[in-house]
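As a plain string of letters, each chain reads:
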Amino acid sequence: MATTKSENYVIDEMILEDSLVGIYKARHLPTNEEVAIKKIKVGRHGEYTDWAEPAAENEMQMLRKLDHPNVIKLLDSFYTTDSKVAVLVFELMLADLGRLIHCTDNRYSHSHIKSMVYMMVSGLEYIHSSGIMHQDIKPGNIMIDNHGIIKIADFGISIYVDDTCRKLHRLPPAWYRSPEFLLGDRQYGTSTDMWSLGVLIGELINRHIVFPSKSEIEQILMIYRLLGPPTDQTWPEAKSFKHFLQFNDDSFLNNEESFEKKFSKANEQELNLLKSLLVMNPKYRATAKQVLESTYFTSNPPASKPEDIPRSAAPRHRHSRDPFHMNDVNTNDENLPSDYSHLNNDTKRQLFSP
Ligand SMILES: Nc1ncnc2c1ncn2[C@@H]1O[C@H](COP(=O)(O)OP(=O)(O)OP(=O)(O)O)[C@@H](O)[C@H]1O
Ligand SMILES: [Mg+2]
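All residue numbers refer to position in the chain's written sequence, counted from 1. Going through the entries in the order they are written, you letter the chains from A and number the ligands from 1. Predicted model: local features are reported for residues with pLDDT of at least 70 only, side-chain atom pairs are reported and counted for 80 or more only, and whole-chain, interface and lining totals are derived from all residues.

**What to know about the nonpolar core**
Here is step 1: Counting residues in each nonpolar core, the largest one holds 84 residues, and the members touching the most others are I40, M120, I201, L204 and L277.
Here is step 2: The domain limits used here are those given by an automatic or database domain assignment. Residue contributions to this core reach at least three from each of two domains, namely domain 1 (5-91) and domain 2 (95-352).
Here is step 3: Any residue pair is listed as a contact if its two C-beta atoms, each placed from the backbone, are within 7 Å. For L277, the residues in contact, after removing those within four places along its chain, are M194, W195, L197, G198, I201, R285 and A286. A set of buried Ala, Val, Leu, Ile, Met, Phe, Trp, Tyr and Cys residues, joined to one another through C-beta atoms within 7 Å, is what we call a nonpolar core. Each residue is classed by its C-beta neighbour count within 10 Å, where at least 20 other C-beta atoms makes it buried, 12 or fewer makes it exposed, and intermediate counts make it partly exposed; the C-beta atoms are placed from backbone geometry.

If you want it as structure tokens, here you go:
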């Protein structure tokens, strides 16, 4: 029952807070086990926002069904007695990949990257074979635990593949959105996650955001610049999509980029992997199963053991917008990682907003 459930937990520390979501390090009193608690302020009748309650319900429902070493485990979930806050209890993780990539000096060898990719793709393969699209694959939603095990988290906007209603209560950030999603394909499938994974792997290799656009149009343009715009030969369906973009003036392609230049730190195997994922037409994009069976994992160097992955995490700046009567939010630029300091406020919001 809700009343007894909240009393089982005591909050030790805030991990982060935003206007409607708070993540805390907590303890389960009966077992003294350390856990992470995610509180989502849903209100009684969705009075705060229309996305918080569906997101909380969605995450609970999806995660109750999923059980895999590379998917975050939901240990418990309930609403507070006043029904205003949804509480999700997770296994406690050390950090998310966004922080490891951009806020630490940890050096990741090709073997470490291979090990991380293996765990991410294994998790995604399981999610997809369970009939679910995650839809929000990005560094902040991929966690690493104390033993170097990677787990996919944040199922707030995940949906069933056969759910024909593709209305999302919240959009994933543009930087990781697939071309079919950006161009308005209503039939997109699990390959949308494989695109996002490709962007994330590129970011892990480069230690830079791959397509740091400031708008959806610029996002499409950046993708066209790397892959060339869709043609009748490469993707005939594309021009029927609602947001299909064709440029009469192709001069933007003058500074066309090559994979080799864009991912200059990647070795040959990593380049092949990226080329199999960052494919414009989703029909030709590698599936999670195909990636698992690809030569990337049989070629040298072998994947490192998870426990060998460097994972010292930078301490977080506390930031809060006081959803649960905690500290005031501090949005000063100096609190942002230095890598992001050149971005404009909208882009920052995309990156840091819940
Ligand atoms: N189980 C956990 N253990 C430790 N930290 C966690 C855990 N779950 C989430 N976090 C931290 O909290 C952050 C936000 O969590 P989550 O993605 O679930 O919330 P969200 O509000 O839906 O986020 P966003 O909309 O920014 O993706 C993560 O990026 C991570 O840094
Ligand atoms: Mg998240």
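**Examining the packing of helix α6 (residues 191-206) against helix α9 (residues 268-277)**
Here is step 1: Closest axis-to-axis distance for the α6/α9 pair is 8 Å, and the angle between their directions is 150°. By the angle class used here, α6 and α9 are roughly antiparallel. Considering how the two elements wind past one another, α6 and α9 form a crossing that is left-handed. Contacts between α6 and α9 involve M194, W195, L197, G198, I201, G202 and I205 on the former and, on the latter, E270, L273, L274 and L277.
Here is step 2: We call Asp, Glu, Lys and Arg charged. Ala, Val, Leu, Ile, Met, Phe, Trp, Tyr, Cys and Pro are nonpolar, and the rest, Gly among them, are polar. Considered class by class, the residues forming the contact of α6 with α9 number eight nonpolar, two polar and one charged. Only the stretch in contact is used when fitting a helix axis, every axis being a line fitted to C-alpha atoms; angles between N-to-C directions are given from 0 to 180 degrees. Numbering of helices and strands runs from the N terminus, with a helix taken as a DSSP run of H or I at least four residues long and a strand as a DSSP run of E at least two residues long. Note on angle classes: values under 35 degrees are labelled roughly parallel, values over 145 roughly antiparallel, values of 65 to 115 roughly perpendicular, and the remainder oblique. The crossing is said to be left-handed when, going from far helix to near helix, the turn is anticlockwise and less than a right angle, and right-handed when the turn is clockwise.

**Comments concerning the environment of I220**
Here is step 1: Structurally, I220 can be placed in helix α7 (residues 216-227).
Here is step 2: For the pair I220 and S178, spaced 42 residues apart in sequence, the C-alpha to C-alpha distance is 9.2 Å.

**Describing the sheet that holds strand β8 (residues 142-144)**
Here is step 1: At least two bridges found by DSSP between two strands is the condition for calling them paired. On the basis of which strands lie adjacent, the open sheet formed by three strands has the order β6-β8-β9 and antiparallel pairing. Lying at the two open borders of the sheet, with one neighbouring strand each, are β6 (95-96) and β9 (150-152).
Here is step 2: Here two bridges tie β6 to β8, and the two strands are oriented antiparallel to one another. Directly across from D96, in β8, lies its bridge partner M143.

**Let's talk about helix α2 (residues 52-65)**
Here is step 1: A helix's residues, less one, multiplied by 1.5 Å, set its expected span. Along its 14 residues, α2 runs 20 Å from first to last C-alpha, staying within 8% of the 20 Å computed at 1.5 Å per residue.
Here is step 2: Of the positions making up α2, those classed as buried are A52, E53, A55, A56, E59, M62 and L63.
Here is step 3: Looking at the buried residues of α2, the elements they touch are β3 (33-41), β4 (74-79), β5 (85-91) and β7 (132-133).

**A look at the pairing of β4**
Here is step 1: Here β4 runs beside β5; their pairing, made up of five bridges, is antiparallel. In the sheet register, Y79 faces β5, and the bridge partner there is A86.
Here is step 2: From the end of β4 to the start of β5, which pair antiparallel, there are five residues, and S83 there has a positive phi angle of about 65°.

**Describing the environment of T287**
Here is step 1: You can see T287 is positioned in the loop between α9 and α10 (288-292).
Here is step 2: Among the residues examined, T287 registers 19 C-beta atoms within 10 Å and is labelled partly exposed.
Here is step 3: Residues T287 and W195 lie 92 residues apart in sequence; the distance between their C-alpha atoms is 9.7 Å.
Here is step 4: Setting aside chain neighbours within four positions, we find T287 in contact with S191 and M194.

**What to know about unusual backbone geometry**
Here is step 1: The step from N300 to P301 runs through a cis peptide bond, and the omega angle for that step is -5°.
Here is step 2: You can see P301 is positioned in the loop between α10 and α11 (345-352).
Here is step 3: Even without glycine at this site, N32 takes up a positive phi of about 65°.
Here is step 4: Of note, N32 is situated in the loop between β2 (21-28) and β3.
Here is step 5: Overall, the presence of 7 C-beta atoms within 10 Å leaves N32 in the exposed class.
Here is step 6: Residues other than glycine seldom take positive phi values, yet R207 does so here, at roughly 60°.
Here is step 7: As for its placement among the helices and strands, R207 is situated in the loop between α6 and α7.
Here is step 8: Under the C-beta neighbour-count criterion, R207 is labelled partly exposed, with 13 such atoms within 10 Å.

**Things to note about α7**
Here is step 1: With 12 residues, α7 should cover 16 Å at 1.5 Å per step; its first-to-last C-alpha distance of 17 Å lies within 8% of that length.
Here is step 2: All of the buried residues along α7 are Q219, I220, I223 and Y224. For α7, the angular spread of the buried residues around the axis is 135°, confining them to a single face.
Here is step 3: Buried residues along α7 sit in contact with α5 (179-183).
Here is step 4: Positive phi shows up at G228, right after α7, with a value of about 85°. The directions from the helix axis to the C-beta atoms are what the arc is built from.

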